[in-house]
Protein chains: 2
Amino acid sequence: MKTQFKEISGSIVAPQGFLASGVFCDIKRLGTGKGSNKGQKRDLALIVSEVPATVAGMFTTNQVCAAPVKVCIERVRKGIAQAVVVNSGNANACTGKQGLRDAREMTRLTASAVAANVSSRIPRSHERGYKLIAERILVGSTGRIGVTLPMANVKRGIIEAAKGLGNSKAHAAQAVEAIMTSDTRPKQIAVEFKLGGKTARIGGMCKGAGMIQPGMSATGERPAALHATMLCFITTDAAIEAKVLQASLQEAVAQSFNRITVDGDMSTNDTVLVLANGLARNAEFGVRSAEFKKFQGALNHVCLELAKMIVRDGEGVHRVVTVRVNGAKTVKDADAAARAVANSPLVKTSWHGGDPNWGRIICALGYSPANVVEHQVDIGYSAPGNKKILWSLKRGQPTKATFKQLCAAVAPKEFELHINLNLGKAGAVMYAADLTEEYVDFNKGDVGGDPAALGG
Amino acid sequence: MKTQFKEISGSIVAPQGFLASGVFCDIKRLGTGKGSNKGQKRDLALIVSEVPATVAGMFTTNQVCAAPVKVCIERVRKGIAQAVVVNSGNANACTGKQGLRDAREMTRLTASAVAANVSSRIPRSHERGYKLIAERILVGSTGRIGVTLPMANVKRGIIEAAKGLGNSKAHAAQAVEAIMTSDTRPKQIAVEFKLGGKTARIGGMCKGAGMIQPGMSATGERPAALHATMLCFITTDAAIEAKVLQASLQEAVAQSFNRITVDGDMSTNDTVLVLANGLARNAEFGVRSAEFKKFQGALNHVCLELAKMIVRDGEGVHRVVTVRVNGAKTVKDADAAARAVANSPLVKTSWHGGDPNWGRIICALGYSPANVVEHQVDIGYSAPGNKKILWSLKRGQPTKATFKQLCAAVAPKEFELHINLNLGKAGAVMYAADLTEEYVDFNKGDVGGDPAALGG
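Residues numbered from 1 in each chain as written. Chains lettered and ligands numbered in written order. Predicted model: local features only at pLDDT ≥ 70, side-chain atom pairs only at ≥ 80, totals over all residues. Heavy atoms only, no water.

**A few points about the pattern of salt bridges**
Next, step 1: A full pass over the atoms with the stated rule returns 36 salt bridges over all chains.
Next, step 2: As a salt-bridge pair, Asp313 of chain B and Lys187 of chain B come within 2.7 Å of each other at their nearest N and O atoms. Side by side, Asp313 of chain B and Lys187 of chain B carry an identical accessibility label, which is buried.
Next, step 3: Salt bridges here are not isolated pairs; linked through shared partners, they connect Asp183, Arg185, Lys187, Lys207 and Asp313 of chain A. (Salt bridge = Lys/Arg side-chain N within 4 Å of Asp/Glu carboxyl O. Buried < 20%, exposed > 50% of the residue type's maximum accessible area, 1.4 Å probe, protein only.)

Here it is, written out as structure tokens:
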């Protein structure tokens, strides 16, 4: 299929009618600022649609899920939203009833601050639909677990952020900075495509780094696959019904965020939200339409590119490996085999070492829950997207590929690992990372005098 | 229950009628020796019973299992054995039909070499029972995967080892050295106890270090729990029927080797073997007898102490943590919760950092398959074996324990982590290790010019 979209700049404010901002309000309570962002990484972001939008969401399936996730799950069900408030530095997870009160208070504060600042910007034609109420505000948090939010700082931040809303690239850049934690670079993308004769856009931003192996579902019920703090916020000006948007997001997440792993840990806060405000003015479409396919193609691209950015920027990651399992008896087997390899510490350290060690790979396949027959297994390597595979093992036997050739295949910063179980026709892919000394060093923490050195 | 056994010296030759030896025969083909062990770590061990013994075994449930494991599974079923030949430096795994031929050849070579050297040592009273045949020889291997054994070296080694058999501590020390790979120290133990009025002894040696999360069963069928290259060889002079011995070993392994994890990787070669030669001359006993309980208590102690030695000497391990989960709805839940915590890279790195991070622990509990309710979870710490627990979390809420107190609790090289899910009455324990830079550095391998840098 010909690609029916093109990448454009502008991130989350590329689609019409979206505003963004990001400020520093000292959520980690470093005590270094009073709402000022001089020299400090921003820690509170707002994304606002000038008109009410349909909404869809996917959330962590961790049984211990953070207060903002609980609030979003309730609100996304109603299918309508208008703004998202997000903080970094504090996950508002394991914070009990106070956490829930704080998450809801963040949405109320956002509703009033935005209403006070944004109404003047709304084009006259949309005025009728404009009603910014707290129940239509979604909320996200990332950072430390088990510490309640400094609500005075949060309030100051929200008020400042609402004053600063705008739709320039600089505004989007503020917002993405504000959601980063251990991320070393911002992760954002936008695409443009034709939808029912109109020009539609999708923009997205996300954060990742550690605790990355999402296993998200729409409702908190567990999907077949398991296991990031990852937050992703997607905007689009396509007109799309909430149910159709949810179906499309589930498909896109299944092929992207739910297929990545940095360390196999699943966070309490994983969240993907999409707001669709309809300002592209296309006619709405159903899930079986040609238009749906176009929308799905564009959304899949946005989600997959953002997901890959998360793996590449994972904590201490040196190498990114696409693990492709084919020839499995069932999709469940293919998924289990790919996850076992992608999460094996011995396989991951061998990737770090540039070691084409098929023994560790076949060992991980063997202990996975998938059906594996040693003398059927093929293992090989290719450059990303290159169909020419250098096989190291065929039907369980080493090939004539030389050690030097195999080392060269696993030397690049990104490569693909191909596994054929030769037992059936099912396949699965995982986007995985190596395991490095830096990952350990980063995560062993800095406990010196920190009264709340908690992950998230 | 009063302890009914005492620890003694002597390792695997402490029980009557067992001989051992260990030699260097250059199985890694370093090219530095010709059967000489001058300055080289030994790499081939023999353990021989002067009379035929009953035998029991537990083996890896990895679907990709090594040739020596396949041979042992066949032979242990027959219930009788007399010797074990073990090499390090090469796992004889993923070596196809040649691997199976080599494993069987090792047993034939051992049968003839031992028969040529040992018969003169057998006390007259046992002579009648003595018949050393290849089918009664068991075999174990550990080391690289995917490379066939250098059988000329192995043969030389077996002949030299058979000549060197003896029952002194020095002989046992040779044998345990020969099975070590990345182990930094030998792991051995022996106990003595009364059985039916007679003095019986159990001795054991093992190796571990990496690829450690055994999930062994008697037949290769998968147990409920999953997932070392670990090899363990146990000798006893107790008289015990093969079926009773197998029942006892399964119980002991379930509570020891199957409850440890270094990195969550399960090897292709995990093996535990027990030979019982009856020379203590106790009356045989059934599984419901008081004598069985005594034997079980002694065997449990041997297996648990050896298992803990494996964790303490795991690759790069700085800290050993006993993870005790209680209050689970089911044993399966307790096991799943304990394994999720014990294998979480973020929890393991926090242990390395001396960080009492309950956020990561509750996060791992939440994504485990076990039923977990955030506001029911208790998390605390104690010194090993000490019942005084310092709770950091009670019913999902941080306690008044200070950060300094909690840091002190997780500072020792060994501590216990107590988790109460408060949902039921089931419990499980895992003996786990931290994740360190040294683990990564060790396992990223040394690919410089090595034509077969494969794990195992």
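**Quick notes on the sheet that holds strand β11 (residues 320-328) of chain B**
All names here are of chain B.
Next, step 1: Pairing is mixed in the open sheet, where seven strands are placed in the order β9-β16-β11-β15-β12-β13-β14. Strand pairing shows two members of the sheet lacking a second neighbour, β9 (260-261) and β14 (397-398), which therefore form its edges.
Next, step 2: Two strands pair when backbone bridges link them, and β11 and strand β16 (residues 426-433) are joined in this way by seven bridges, in the antiparallel orientation. Counted as the bridge partner of Ala328 is Ala426 from β16.
Next, step 3: The sheet contacts of helix α6 (residues 290-312) involve β9, β11, β15 (414-420) and β16, and relative to β16 the element is tilted by about 45°.
Next, step 4: Sitting on the sheet, helix α7 (residues 331-343) is in contact with β9, β11, β15 and β16, with an inclination near 20° to β16. (Pairing = 2+ DSSP bridges. Helix = DSSP H or I, 4+ residues; strand = E, 2+ residues; numbered from the N terminus. Contact = heavy atoms within 4.5 Å. Axes fitted to C-alpha atoms, helices over the stretch in contact; angles between N-to-C directions.)

**Describing the packing of aromatic side chains**
Between two aromatic rings, the relevant description is the distance of the centres plus the angle of the planes.
Residue and element names in this part refer to chain A.
Next, step 1: Tallied over the entire structure, the rule returns six aromatic pairs over all chains.
Next, step 2: On the basis of an interplanar angle of 70° and a centroid distance of 5.8 Å, the ring pair of Tyr381 and Phe415 is categorised as edge-to-face. Of this pair, Tyr381 sits in strand β12 (residues 378-382) while Phe415 sits in strand β15 (residues 414-420), and the two are 34 residues apart along the sequence. Each member of the pair, Tyr381 as well as Phe415, is classed as buried.
Next, step 3: Within the aromatic cluster, the residues linked to one another by ring pairs are Phe193, Phe285 and Phe295. (Phe/Tyr/Trp six-rings, centres within 6.5 Å; stacked < 30°, edge-to-face > 60°.)

**What about the sheet that holds strand β14 (residues 397-398) of chain A?**
Strand pairing in a sheet is mediated by backbone hydrogen bonds. Such pairs are either parallel or antiparallel.
Residue and element names in this part refer to chain A.
Next, step 1: Within the open sheet, the seven strands sit side by side as β9-β16-β11-β15-β12-β13-β14. Their pairing is mixed. Of all strands in the sheet, those with a lone pairing partner are β9 (260-261) and β14, marking the two edges.
Next, step 2: Here three bridges tie β12 to strand β13 (residues 390-394), and the two strands are oriented antiparallel to one another. Bridge pairing links Ile379 to Leu393 in β13.
Next, step 3: Where helix α9 (residues 358-367) meets the sheet, its contacts fall on β12, β13, β14 and β15, and the angle it forms with β12 comes to roughly 125°.

**Looking at the relation of the copies chain A and chain B**
Next, step 1: The transformation that overlays chain A on chain B combines an axial shift of 0.0 Å with a rotation of 180°, and the residual RMSD is 0.0 Å. What the superposition gives is, in effect, a two-fold axis relating one chain to the other. Using C-alpha coordinates, one finds that chain A approaches the rotation axis most closely at Glu437 of chain A, a distance of 2.3 Å. (Least-squares fit on C-alpha atoms with pLDDT ≥ 70 in both.)

**Details of the packing of helix α8 (residues 345-352) of chain A against α9 of chain A**
Residue and element names in this part refer to chain A.
Next, step 1: For the pair α8 and α9, the least separation of the axes is 9 Å and the interaxial angle reads 155°. When the axis of α8 is compared with that of α9, the two are roughly antiparallel. Of the two elements, α8 crosses α9, and the hand of that crossing is left-handed. Only Arg360, Ile361 and Ala364 of α9 make contact with α8, whose side of the interface consists of Leu346, Val347, Thr349 and Ser350.
Next, step 2: Class assignment of the residues belonging to the contact of α8 with α9 gives a composition of four nonpolar, two polar and one charged. (Parallel < 35°, antiparallel > 145°, perpendicular 65-115°, else oblique. Left-handed = near helix turned anticlockwise from the far one by under 90°. Nonpolar A, V, L, I, M, F, W, Y, C, P; charged D, E, K, R; others polar.)

**Topic: the interface of chain A and chain B**
Next, step 1: Counting from both sides, the interface comprises 61 residues of chain A and, opposite them, 62 residues of chain B.
Next, step 2: Both faces combined, the contact of chain A with chain B buries some 5000 Å², and carbon together with sulfur accounts for 59% of it.
Next, step 3: Three residues stand out in chain A for area buried against chain B, namely Gln63, Tyr367 and Glu374 of chain A, and they jointly supply 13% of the buried area on that side.
Next, step 4: At the boundary of chain A and chain B, one finds four salt bridges.
Next, step 5: We note a salt bridge from Glu437 of chain B to Lys444 of chain A, for which the minimum N-O separation is 2.9 Å.
Next, step 6: Between chain A and chain B we count 17 residue pairs in polar contact (both at pLDDT 80 or more) in total.
Next, step 7: By residue number, the principal contributor to the side of chain A that touches chain B is α9 of chain A, which donates eight residues.
Next, step 8: Here the side of chain A that touches chain B is composed, by residue class, of 26 nonpolar, 24 polar and 11 charged. (Buried area = accessible area lost by both parts, 1.4 Å probe. Polar contact = N/O pair within 3.5 Å; in protein donor to acceptor, adjacent residues only side chain to side chain.)

**Observations regarding the confidence of the model for chain A**
All names here are of chain A.
Next, step 1: With 88% of its residues at a pLDDT of 70 or more, chain A has an overall mean of 88.
Next, step 2: In this model residues 222-228 is a low-confidence stretch, pLDDT under 50, and it forms 32 contacts with partners more than four residues away in sequence or in other chains.
Next, step 3: Taken as a whole, residues 448-456 scores under 50 in pLDDT and shows 26 contacts with residues more than four places along the chain or in a different chain.
Next, step 4: Two summary scores accompany this predicted model of the complex, namely pTM at 0.86 and ipTM at 0.81. (pLDDT = per-residue confidence, 0-100.)

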